[in-house]
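For reference, the chains in residue letters:
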Amino acid sequence: MPLVNLTSRVPATFILVGIPGMEQLHIWISIPFCTMYLAALLGNGVLLFTIWSERSLHQPMYLFLSMLAVADLTLSTTAVPKMLALFWFSATEISFGACLTQMFLLHFTCSAESVILLAMAFDRFVAICHPLHYGAVLTPSAVAKTGLVALLRSFCIIFPCIFLLKRLPFCGHNVILHTFCEHIGIARLACADISVNIWYGLMVPFTTVALDLVLIAVSYVFILVALFRLPSRTARHKAFNTCGSHICVLLFFYVPIAFTAITHRFGWNIPRHVHILLANLYVLFPPLLNPVVYGVRTQQIKEKVVKVFVCPKSHFLRE
């Protein structure tokens, strides 16, 4: 009998409301969201195919960029299809297991992306500050191990959230005022003390992300010192260009996630629909803009994209 009571306190499904107060605008909101999602799929897909098909791009910098593209695709695909189904077909229900899976993948991908951005900063640090040791330090084995570290660290940080949520009784509360499932949003439905969830969700992930940011900042201090010491103006401009692309990607990733986290926990005066719109844009903007930044600012990628997608077509037309 106690077992029956316990299982009945865990909802079979959750109800995703979408954007509270803007239900009548869901169809209109879905149009730009769907457009951005398709553009993100196209941009990251082109980037991955170009890096995969061109052997000259099988270098640490571009391998890290391909990892970032995979993380971006995972981030947006985890949230956006269900969001669009909610907007278009009123598919508000999501099972308890699917909700936990979505929550895990979203937070897991964000954590992994932070490690990848740190690895990209380290790549630029070695390339600019210790160019003679670049090949010896950033070997294919080192790149593969970095990807494995990103996966393992993210798994170890986020996986406990599943157990922290499964231990909670929900007492029939199953309405999530959001378009997707995330840790604190689910925990707040529980009819029990969620202090552990709040402290773990706030301290552990953000401590690791803050450590990544500190290490990235230290890397760029050394990079800037080395840049100003370069005798060649052309070399300095080229180094600034590659670092500028990475800095743009850092801003696209860390600024929205920091703003979303702060408003979610401390911005009580900010309307809920504003917070949810910003959270939705967070899973769309970085995947959309990252391939654009690297495609536009990195000459080598632009040339290879033209070679892969334009030259074969031109050659076919000549034949």
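Predicted model, so just to flag it, every value in this text is computed and none were measured.

### Description of the packing of aromatic side chains
So, step 1. Counted according to the given criterion, the structure contains 15 aromatic pairs.
So, step 2. Seen in terms of ring centroids, Phe33 and Phe87 are 6.3 Å apart; in terms of plane orientation they differ by 40°. Their pairing is tilted. With Phe33 in helix α2 (residues 26-53) and Phe87 in helix α3 (residues 60-89), the pair connects residues that are 54 residues apart, well separated along the chain.
So, step 3. Here the aromatic cluster, defined as three or more aromatic residues joined through ring pairs, consists of Phe104, Phe108, Phe155, Phe159 and Phe163.

### Here we look at α3
So, step 1. The end-to-end C-alpha distance of α3 is 43 Å, a good match for the 44 Å that 30 residues give at a rise of 1.5 Å each.
So, step 2. The largest bend along α3 reaches roughly 30° and is located at Thr77, with the proline Pro81 sitting one to four residues downstream.
So, step 3. Just beyond α3, the residue with positive phi is Ser90, at close to 55°.

### Quick look at a nonpolar patch on the surface
So, step 1. There is a patch of nonpolar side chains on the surface, built from Leu25, Ile27, Trp28, Ile31, Trp88 and Phe89 and spanning about 700 Å² of accessible area.
So, step 2. Listed by contribution, the elements that provide at least two residues to the nonpolar patch are α2 and α3.
So, step 3. Counting residues per element, the nonpolar patch draws most heavily on α2, which supplies three residues.
So, step 4. For Phe89, the location among the structural elements is in helix α3.

### Quick notes on the pattern of salt bridges
So, step 1. This model, assessed by the stated rule, comprises two salt bridges.
So, step 2. For Arg124, the salt bridge goes to Asp123, with nearest N and O atoms at 2.8 Å.
So, step 3. Accessibility expressed as a relative area gives 11% for Arg124, which makes it buried.
So, step 4. Given the relative accessible area of 1%, Asp123 is considered buried.
So, step 5. Between Asp212 and Arg153 there is a salt bridge; the shortest N-O distance is 2.9 Å. Residue Asp212 is found in helix α8 (residues 195-228), and its partner Arg153 is found in helix α6 (residues 140-166); the two are separated by 59 residues along the sequence.
So, step 6. You can call Asp212 buried: its relative accessible area is 2%.

### Details of the state of the cysteines
So, step 1. Counted according to the given criterion, the structure contains two disulfides.
So, step 2. Disulfide partner of Cys99: Cys181, at an S-S distance of 1.9 Å. Between Cys99 and Cys181 the sulfur-sulfur dihedral comes to about -115°; the bridge is accordingly left-handed. Taken together, the residues Cys99 in helix α4 (residues 96-129) and Cys181 in the loop between β3 (175-176) and α7 (183-187) connect sequence positions 82 residues apart.
So, step 3. When its relative accessible area of 0% is taken as the criterion, Cys99 is described as buried.
So, step 4. A disulfide bridge connects Cys171 with Cys191, and the sulfur atoms are separated by 1.7 Å. In this structure, the disulfide formed by Cys171 and Cys191 twists by about 60° around the S-S bond and is classed as right-handed. Of the two residues, Cys171 is situated in the loop between α6 and β3 and Cys191 in the loop between α7 and α8; the sequence distance between them amounts to 20 residues.

Parameters at a glance
- Residues numbered from 1 in each chain as written.
- Predicted model: local features only at pLDDT ≥ 70, side-chain atom pairs only at ≥ 80, totals over all residues.
- Heavy atoms only, no water.
- Phe/Tyr/Trp six-rings, centres within 6.5 Å; stacked < 30°, edge-to-face > 60°.
- Helix = DSSP H or I, 4+ residues; strand = E, 2+ residues; numbered from the N terminus.
- Expected span 1.5 Å × (residues − 1).
- Bend = angle between axes of the 7 residues up to and from the residue.
- Patch = residues over 30% accessible without salt bridge, like charges linked within 9 Å, V, L, I, M, F, W, Y side chains within 5 Å.
- Areas by Shrake-Rupley, 256 points an atom, 1.4 Å probe, with all protein chains shown as cover.
- Salt bridge = Lys/Arg side-chain N within 4 Å of Asp/Glu carboxyl O.
- Buried < 20%, exposed > 50% of the residue type's maximum accessible area, 1.4 Å probe, protein only.
- Disulfide = S-S within 2.5 Å.

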